[in-house]
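Residue-level structure breakdown
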Amino acid sequence: MNKTKRVIALGFFDGVHTGHGALLQRVTQRARELDAIPTAFTFDRSPTAAITGQHVPLLSSVEDRVWLMRSCYHIQEVIVSSFDGMMRMDWQDFITEYLVRELGVVHVVAGHDFHFGYMGKGNPQRLREKCAQLGLGCDIIGRVEQDGITISSTYIRTLIAQGEMERANQFLGHPHTLTNRVAHGKKIGTTTLGFPTVNLLIPQGVIVPAYGVYATRVWFDGQCRCAVTNVGVRPTVEDNDGHVTVEGFILDFDGDLYGHEIRMEFYKYLRPEQKFVSMQALADEIRHNAQQTQDYFRQLT
């Protein structure tokens, strides 16, 4: 029997939106009351994609999901479990053997639509009843709405795919986030356009925002800088290989960040991606976008 006391939120938590936040806030509240560790349980891949075989783009990588739960909701431990392993476990064993015996859970928080265990036979009602039998606390959180719309990863996914980043962020409760190490680019930003750039690859399976230019913030080495970020295939650049790139033109910064881990936050869609008649025309437009970005963040403060 695990002697560590944990209060745990159960779910997938893709994007860690404000609906998820209702569960995570309840976890931290109960953890304070019970002198336990606020914990979240999540899967390594999308249960919906695993069960249906459909491609479901993720709002966040596992790493971003963990960071968001820790930073936004003060979750101390995030347990990332193999969905393939858990989907074969009997739902009662998941509670008694895994949550209680292995993790030392004393209180469980789940959403109204959470299913678990073999063939999804575990549901909120069974979870509540089993917890009562075992003397565990259990909170089931109902659907959370905003503007009359149920907050869901599916809805936010649609917004991001359409470039409606400001509305998506309202439902997320934080900026849409992409974290990765800076990859080598073609050096066009620095050598041709006069802007130092960071090139990020979108992790496999994570959603690609609508092609276009965004006002963003980038965090690296304890610093934060505004950036004009292009998502797309860079049609103006010769020899572009057609691969999707995320290229941030960092404002008020001079340096080489290759190999550094960057967290990029998307705030506002500025314009669609387009092909310019020359690199000079592209540089002029980026300067205009830089001014738009500076004005945008100035009015946020």
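The shown structure was predicted, so the numbers you read here are calculated from the model rather than taken from an experiment.

Overview of the sheet that holds strand β12 (residues 245–250)
Strand order in the open sheet formed by six strands is β8-β13-β10-β11-β12-β9, with antiparallel pairing between adjacent strands. Each end of this open sheet is capped by a strand with a single partner; those strands are β8 (176–181) and β9 (197–200). Geometrically, the sheet is characterised by an average inter-axis angle of 35 degrees between neighbouring strands, direction not taken into account.

Side note on the packing of aromatic side chains
This model, assessed by the stated rule, comprises 15 aromatic pairs. On the numbers, 5.5 Å between centres and 15 degrees between planes, the contact of Phe-114 with Phe-116 is stacked. By the burial criterion, Phe-114 is buried, and Phe-116 matches it. Judged by centre distance (5.4 Å) and plane angle (85 degrees), the ring pair of Tyr-214 and Phe-266 falls under edge-to-face. Pair noted here: Tyr-214 is in strand β10 (residues 212–220) and Phe-266 is in strand β13 (residues 261–271), with a separation of 52 residues, a long-range link. An identical accessibility class is assigned to Tyr-214 and Phe-266; each is buried. Taken together, Phe-41, Phe-43, Phe-83, Trp-91, Phe-94, Tyr-98, Phe-114 and Phe-116 form an aromatic cluster joined through their ring pairs.

Focus: the sheet that holds strand β3 (residues 77–81)
Strand order in the open sheet made by the five strands is β3-β2-β1-β4-β5, with parallel pairing throughout. Both edges of this open sheet fall to β3 and β5 (137–141), since each of them pairs with a single strand only. Neighbour to neighbour, the strand axes of the sheet diverge by 20 degrees on average, direction disregarded. Bridge count for strand β2 (residues 37–43) against β3 is five bridges, and the pairing is parallel. Across the sheet, Thr-39 pairs through a bridge with Glu-77, a residue of β3. Contacts from helix α6 (residues 124–134) reach β1 (6–10), β4 (105–111) and β5, with the element oriented near 160 degrees to β5.

Details of the pattern of salt bridges
In the structure shown here, the tally under the stated rule is 13 salt bridges. Between Arg-45 and Asp-84 there is a salt bridge, with its nearest N and O atoms 2.6 Å apart. Remark: Asp-84 occurs in helix α4 (residues 83–86) and Arg-45 occurs in the loop between β2 and α2 (47–52); sequence separation between them is 39 residues. For Arg-45, a relative accessible area of 37% corresponds to the partly exposed category. Note on Asp-84: relative accessible area 29%, which makes it partly exposed. We note a salt bridge from Arg-287 to Asp-284, for which the minimum N-O separation is 3.3 Å. Linking Arg-287 with Asp-284, this pair stays in helix α10 (residues 279–300), spanning three residues, or about one helical turn. Judged by relative accessible area, Asp-284 falls into the partly exposed class, the value being 41%.

Some words on the nonpolar core
Counting residues in each nonpolar core, the largest one holds 27 residues, and the members touching the most others are Ile-156, Leu-257, Ile-262 and Phe-266. The element best represented in this core is helix α8 (residues 165–172), accounting for four residues. Counting 25 residues, the second largest nonpolar core, distinct from the first, contains Ile-8, Phe-43, Tyr-98 and Cys-131.

As for the side chain of His-107
Secondary-structure assignment places His-107 in strand β4. Side-chain polar atoms of His-107 contact the side chain of Asp-139, separated by 3.0 Å. If near-sequence neighbours (up to four positions away) are discounted, His-107 is found in contact with Arg-6, Val-7, Ile-8, Arg-30, Leu-34, Gly-137, Cys-138 and Asp-139.

What counts as what
Residues numbered from 1 in each chain as written. Predicted model: local features only at pLDDT ≥ 70, side-chain atom pairs only at ≥ 80, totals over all residues. Heavy atoms only, no water. Pairing = 2+ DSSP bridges. Helix = DSSP H or I, 4+ residues; strand = E, 2+ residues; numbered from the N terminus. Axes fitted to C-alpha atoms, helices over the stretch in contact; angles between N-to-C directions. Phe/Tyr/Trp six-rings, centres within 6.5 Å; stacked < 30°, edge-to-face > 60°. Buried < 20%, exposed > 50% of the residue type's maximum accessible area, 1.4 Å probe, protein only. Contact = heavy atoms within 4.5 Å. Salt bridge = Lys/Arg side-chain N within 4 Å of Asp/Glu carboxyl O. Core = buried A, V, L, I, M, F, W, Y, C linked by side-chain atoms within 4.5 Å. Polar contact = N/O pair within 3.5 Å; in protein donor to acceptor, adjacent residues only side chain to side chain.

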